[in-house]
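Here's the letter readout for the chains.
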Amino acid sequence: MSDTCSCDTPKESRPLIDLWQARDQVIALATPVTGTECVRSHHARGRVLATSLHARMDVPNVDNSAMDGYALRLADLKDHVGLPVLLRVPAGSMPEPLPFGGCARIFTGAPIPHGADVVVPQEHVRLDDKGQIYFPKDLRQGQHIRRRGEELREGALLLDAGERLDGIRLALLAAQGLTDVPCRPRLRVAIISTGTELVNPGQALSPGQIYNSNAEMLHALAQDQHVELVDLGNIEDTRQDLENALRYASRQADLIVCSGGVSVGEEDHVRPCLEQLGGISLSGVAMKPGKPFTLGYIGESQASGTPLLGLPGNPTAALVSWHLLGLPLLQRLQGRNLAPLARFPVHAGFTFRANPARHQLLRVYLDHSDVAPVARIAGAQGSNMLKCAAHADGYLVVPPGLQVVPGQRLDYLPLSQFAR
Ligand code: AMP
Ligand code: MG
């Protein structure tokens, strides 16, 4: 028999922080990276813009046709006579002025010849056997002409500092002829899995061991944010091993993400190591799953040291606390402007009694077979169970103590927002 009885086991007596307050605090505690790197546009996808960028020229840069068709001067259309084609204007050419009494064959994107004030799509005209073009009567001045500067004027704001560059934003810059973009340095993120029971996939399991699934998940989640990964592997549950790993990580990385070992059991060494090598800024959040979430640092202070995210070992608890608390920290460290969480009310399609003291994040999918979407439970909800998370497309937020009944409106957080 063990000489330690169950009443010697430390209990979690510390008060839990409200989930939304914890999120605000985590965001406020992040010190964004500084410095600027000039990055080739081809390599800038996913990077964070270091300075705001403004238009170098009007968009469009010249009045041009929105259609394949004919450009003409409205005043030349009298008595429904046909007009001869006196000019041909393909995209990429610069036309002569439009002669009086004639029209121009024109193509999408081609500059409007001086004097023309209307474009008529080719499918709306009639052509006779002498090559004369006949136009409909109800033409509107300026129709199908894209005016110079109608989208952007030279000097207008293109993109804000702190925006993450994606294909659309890079196209906006390409349309200005830009090839290099001022970006924040990439964040270096060290990932550590704690747990003597962990074995990497591909290796044989001995009795009592499990495969490390968090590392695979956290690598992928961090890679979605275009960081530089420092893989520190699996660390056994000894104080010394973890201390060594954390010291090393703090020299190699701008952020340490640690999974497991963050509760208050004897085999949990993350919090004692933080207390020794730095400090704890926030620990224990009133959320389910994800309660043991901890934010700390290695070094002198949260602002000057290397921040550490202590995620629970249970895979879904690690996932949910990453999405709601870890990700906004990482994104602020990157220098990103954070969008508010995307959330909208949907109807619950089930009965459920919530935890009395914690916000619960149920993994649900949306059933669109009715007029309004209905949230349905995606599977068994244990914090160790990944399958339901894999089949969910969002979290349904259940406030503490709520008795959920079918048809009840609750906030829904789409998972897609966390990959951006
Ligand atoms: P811990 O937070 O260390 O107490 O671990 C909680 C539970 O999560 C235990 O059942 C661990 O075996 C499990 N666990 C911890 N780390 C991992 C991991 N990297 N992958 C999968 N399961 C883990
Ligand atoms: Mg553990």
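What comes next concerns the included structure. These numbers come from a predicted model, not from an experiment.

Right, let's get into the sheet that holds strand E22 (residues 306-311). Taken in spatial order, the six strands of this open sheet run E17-E14-E18-E22-E21-E19, and their pairing is mixed. Looking at the sheet topology across the chains shown, the edges are occupied by strand E17 (228-235) and strand E19 (278-283). Here the strands of the sheet are splayed against their neighbours by 20° on average, with no regard to which way each runs. Where strand E18 (residues 255-259) meets E22, four bridges bridge the pair, whose relative direction is parallel. Bridge pairing in E22 links Ser-259 to Leu-311. Lying on the sheet, helix H5 (residues 270-277) is in contact with strand E14 (188-194), E18, E19, strand E21 (294-298) and E22; it crosses E19 at an angle near 130°.

Attention now moves to the pattern of salt bridges. Applying the stated criterion across every chain yields a total of 13 salt bridges. Residue Asp-63 is joined to Arg-147 by a salt bridge in which the shortest nitrogen-to-oxygen separation is 2.9 Å. With Asp-63 in the loop between strand E3 (53-54) and strand E4 (64-65) and Arg-147 in the loop between strand E11 (145-146) and strand E12 (157-159), this residue pair connects regions lying 84 residues apart in the sequence. Look at Arg-147 and you get partly exposed, because its relative accessible area is 35%. The salt bridge involving Asp-367 is made with Arg-376; its shortest N-O contact spans 2.7 Å. The exposure class assigned to Asp-367 is buried, which follows from its relative accessible area of 17%. The exposure class assigned to Arg-376 is partly exposed, which follows from its relative accessible area of 30%. Overlapping salt bridges, with partners in common, bring together Asp-58, Arg-148 and Arg-153 in one network.

Procedures and definitions
- Residues numbered from 1 in each chain as written.
- Chains lettered and ligands numbered in written order.
- Predicted model: local features only at pLDDT ≥ 70, side-chain atom pairs only at ≥ 80, totals over all residues.
- Heavy atoms only, no water.
- Pairing = 2+ DSSP bridges.
- Helix = DSSP H or I, 4+ residues; strand = E, 2+ residues; numbered from the N terminus.
- Axes fitted to C-alpha atoms, helices over the stretch in contact; angles between N-to-C directions.
- Contact = heavy atoms within 4.5 Å.
- Salt bridge = Lys/Arg side-chain N within 4 Å of Asp/Glu carboxyl O.
- Buried < 20%, exposed > 50% of the residue type's maximum accessible area, 1.4 Å probe, protein only.

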